[in-house]
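Examination of the molecular architecture
Here is how the chains run, residue by residue.
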Amino acid sequence: MDSLSKKKIAEANELLSDAAKAMKTSLFKRKPDLDTAADAYSKAGTCFKTAKEFQNAIQAFQNAAQCYEQNNSYFSAAKQHEQVGIIANEMKSFSLVYDSFYKSAELMILGGTRDSAGILLERGASMLKSSDPESSLKLVKRAIQVAEVEDKNHQLVTMYENAVNLSLKINNYTEAVQLIDSSYELLEKIGTSEQIIRYILTVCLIHLSKDDWVSAKNYLEKMKQRFSLSCRADELLEIYDEKEDEKFKDLIKNYLSYAVDNEALKIANRIIKSKEWISSIQETKVMQSHTNNQTDQTSHLNEKKSQQVDEEEFPDGLL
């Protein structure tokens, strides 16, 4: 342990002692001095954090948050939980990251600072995006609820997009479709046709990934009635129905690769790599080969019959 860490730990312990004194009551001191204790706990947390004594830092910040909350200082309490979340992320304690940022945001809302609550929820969601996408999704959905109250339309578009992608990432397709359907009214309001097309294609791919061409077709027809937009979803469904493997791959490469988000593109790629798709392609090829053979045989028989007719009508020597 270096000298700076030792110094900071000693300083933190002194502050903890000060906090304990502030929390004591007596005959002449009926209530604890919550402000003084909270300030001392918070400073101790910062010292422990600098010294990389993370568990002690977490405990100190949580004690500070409790004191601030008891004193109705909700903003300050929220900032303590935020510090816990940041440390927990460094420790890879992802459940604590979620709990801390969620609690921090709720305290911000309680204190009347909804904007700050939204920022905290998005920050926590960003930290958990790769390590714990399910918890990240919960934070984004809460951020959507907060933003909807404030009518922050453009921010909501991004939040919905993040939520949809997280749902696709964890293969929660039902959640993804529900989020997409919920976002259409907002997208109509602010006129982002590209995002609407992206979502229509995404839902179609979700249905096709379940080999449910009928649901994909019905959904597309419903969207065509609602929106006057041009996209290649009809072509996607036709290629899938006809089991045109090369055309599907070409559509992914030259259209879907930029028309949908990355998680939806993964669905398309999974479709063409799935056992069901490969088996369908093989069956289609066998059927086509069988049909071609029958056609060739029919054509050969027709030629032979035609030749026999010619020989009967024109015997040798009369042609």
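Bear in mind the structure is a predicted one, so any value in this text is a computation, not a measurement.

For the rest of this paragraph, the subject is the packing of aromatic side chains. Applying the stated rule across the entire model yields five aromatic pairs. Between the aromatic rings of Tyr-184 and Phe-227, the centroid separation amounts to 5.3 Å while the plane-to-plane angle is 55°, which identifies the pairing as tilted. In this pair, Tyr-184 sits in helix H9 (residues 173-190) while Phe-227 sits in the loop between helix H11 (213-226) and helix H12 (233-242), placing the two residues 43 residues apart along the sequence. Neither residue differs from the other here; Tyr-184 and Phe-227 are each classed as buried. Geometrically, the ring pair formed by Tyr-255 and Tyr-258 is edge-to-face, given 5.7 Å between the ring centres and 85° between the ring planes. Of the two residues, Tyr-255 and Tyr-258 both sit in helix H13 (residues 245-259), three residues apart, roughly one turn of that helix.

This next bit is on the side chain of Gln-80. Relative to the helices and strands, Gln-80 is located in helix H4 (residues 74-90). If sequence neighbours within four positions are ignored, Gln-80 has contacts with Ser-42, Phe-61, Ala-64, Ala-65 and Tyr-68.

Our focus in this paragraph is the state of the cysteines. Structurally, a disulfide amounts to a covalent bond that connects the sulfur atoms of two cysteines. Per the stated rule, a full pass over the model turns up zero disulfides. Unpaired in terms of disulfides, Cys-204 finds its nearest cysteine sulfur in Cys-231, a separation of 7.4 Å. Overall, the relative accessible area of 24% leaves Cys-231 in the partly exposed class.

Now for the nonpolar core. If you look at the biggest cluster of nonpolar residues, it comprises 99 residues, and the most contacted ones within it are Tyr-184, Leu-201, Leu-236, Phe-248 and Leu-256. The element that contributes the greatest number of residues to this core is helix H10 (residues 193-209), accounting for ten residues. Excluding anything up to four places from it in sequence, Leu-256 contacts Leu-201, Leu-205, Leu-236, Phe-248, Leu-251, Leu-265 and Ala-268.

To continue, consider the side chain of Glu-263. As for its position among the elements, Glu-263 is in helix H14 (residues 262-273). A polar atom in the side chain of Glu-263 sits 3.3 Å from the side chain of Lys-266.

Okay, the pattern of salt bridges next. By the definition in use, this model includes 18 salt bridges. Among the salt bridges present, the one from Lys-43 reaches Asp-39, with a minimum N-O distance of 3.2 Å. Of the two residues, Lys-43 and Asp-39 both sit in helix H2 (residues 34-50), four residues apart, roughly one turn of that helix. Classification of Asp-39 by relative accessible area gives partly exposed; the value is 34%. Note that Lys-224 is salt-bridged to Glu-221, the shortest N-O span being 3.5 Å.

With 18 residues, H9 extends 25 Å from end C-alpha to end C-alpha; this agrees with the ideal 26 Å at 1.5 Å per step. For H9, the principal kink sits at Tyr-184 and spans about 35°. Buried within H9 are the following residues: Tyr-173, Glu-175, Ala-176, Val-177, Leu-179, Ile-180, Ser-183, Tyr-184, Leu-186 and Leu-187. Lining the buried residues of H9 we find helix H7 (133-150), helix H8 (153-169), H10, H11 and H14. Of the residues flanking the end of H9, it is Gly-191, one or two places downstream, whose phi is positive at about 70°.

Mapped onto the elements of the fold, Leu-96 is located in helix H5 (residues 94-110). It is 6.5 Å that separates the C-alpha atoms of Leu-96 and Gly-85, two residues lying eleven residues apart in sequence.

On to a negative patch on the surface. On the surface, Glu-238, Asp-241, Glu-242 and Glu-244 cluster together to form a negatively charged patch. Locating Glu-238 in the fold gives a position in helix H12. The exposure class assigned to Glu-238 is exposed, which follows from its relative accessible area of 54%.

Locating Ala-64 in the fold gives a position in helix H3 (residues 54-70). Accessibility expressed as a relative area gives 0% for Ala-64, which makes it buried.

Here the focus is the packing of H8 against H10. Where H8 meets H10, the axes come as close as 13 Å, and the angle between the chain directions of the two elements is 15°. With respect to H10, the axis of H8 lies roughly parallel. Considering how the two elements wind past one another, H8 and H10 form a crossing that is left-handed. In contact with Tyr-160, Glu-161, Val-164 and Leu-168 of H8, H10 contributes Gln-195, Tyr-199, Thr-202 and Ile-206. Residues of the contact of H8 with H10, tallied by class, amount to five nonpolar, two polar and one charged.

Turning to unusual backbone geometry, a few remarks are in order. Despite not being glycine, Lys-92 shows a phi value in the positive range, around 60°. The phi dihedral of Asp-211 is positive, around 60°, even though this residue is not glycine. Locating Asp-211 in the fold gives a position in the loop between H10 and H11. Judged by relative accessible area, Asp-211 falls into the exposed class, the value being 53%.

Reading the values: the criteria
- For every chain, the first residue of the written sequence is number 1, and numbering continues from 1 along that sequence.
- Local features in a predicted model are, by the rule used here, given only for residues with pLDDT of at least 70; side-chain atom pairs are given and counted only at 80 or more, and totals for whole chains, interfaces and linings are based on all residues.
- As a rule here, side-chain values come from all non-hydrogen atoms in the structure, and water together with hydrogens is ignored.
- Side-chain rings of Phe, Tyr and Trp, where Trp is taken by its six-membered ring, are said to pair if the distance between their centres is within 6.5 Å; with planes under 30 degrees apart they count as stacked, over 60 as edge-to-face, and otherwise as tilted.
- Only runs of H or I of at least four residues qualify as helices and only runs of E of at least two qualify as strands under DSSP, and these elements are numbered from the N terminus.
- When accessible area is computed with a 1.4 Å probe and restricted to protein chains, residues below 20% of their type maximum are described as buried, those above 50% as exposed, and intermediate ones as partly exposed.
- Only heavy atoms enter the contact rule, under which two residues are in contact if any of them lie within 4.5 Å.
- In this description, a disulfide is simply a cysteine sulfur pair whose atoms lie within 2.5 Å.
- By convention a nonpolar core is built from buried Ala, Val, Leu, Ile, Met, Phe, Trp, Tyr and Cys residues, the set being connected through side-chain atoms within 4.5 Å.
- Within 3.5 Å is the distance limit for a polar contact, defined as a pair of N or O atoms, with the added protein rule that one can donate a hydrogen and the other accept it, and that residues adjacent in sequence qualify only through two side-chain atoms.
- Any Lys or Arg side-chain nitrogen located within 4 Å of an Asp or Glu carboxyl oxygen qualifies as a salt bridge.
- One less than the number of residues in a helix, times 1.5 Å, gives the span that helix is expected to have.
- A residue's bend is the angle separating two fitted axes: one through the seven residues that end there, the other through the seven that start there.
- Distance thresholds for patches are 9 Å for like charges and 5 Å for nonpolar side chains (Val, Leu, Ile, Met, Phe, Trp, Tyr), applied to residues having over 30% relative accessible area and no salt bridge.
- To measure how exposed things are, a 1.4 Å probe is used in the Shrake-Rupley method; for residues, cover is taken only from the protein chains shown.
- Two residue types count as positive, namely Lys and Arg, and two as negative, namely Asp and Glu; His and chain ends fall outside the count.
- To locate a charge, the coordinates of NZ of Lys, CZ of Arg, CG of Asp or CD of Glu are taken.
- Only C-alpha atoms enter the line fits that serve as axes; for helices the fit covers just the stretch in contact. Angles between N-to-C directions range over 0 to 180 degrees.
- Small angles under 35 degrees read as roughly parallel and large ones over 145 as roughly antiparallel, with 65 to 115 read as roughly perpendicular and the rest as oblique.
- Should the near helix be turned anticlockwise from the far one by less than a right angle, the crossing is left-handed, and should it be turned clockwise, the crossing is right-handed.
- All residues other than Ala, Val, Leu, Ile, Met, Phe, Trp, Tyr, Cys, Pro, Asp, Glu, Lys and Arg, Gly among them, are scored as polar; the first ten of these are nonpolar and the last four charged.

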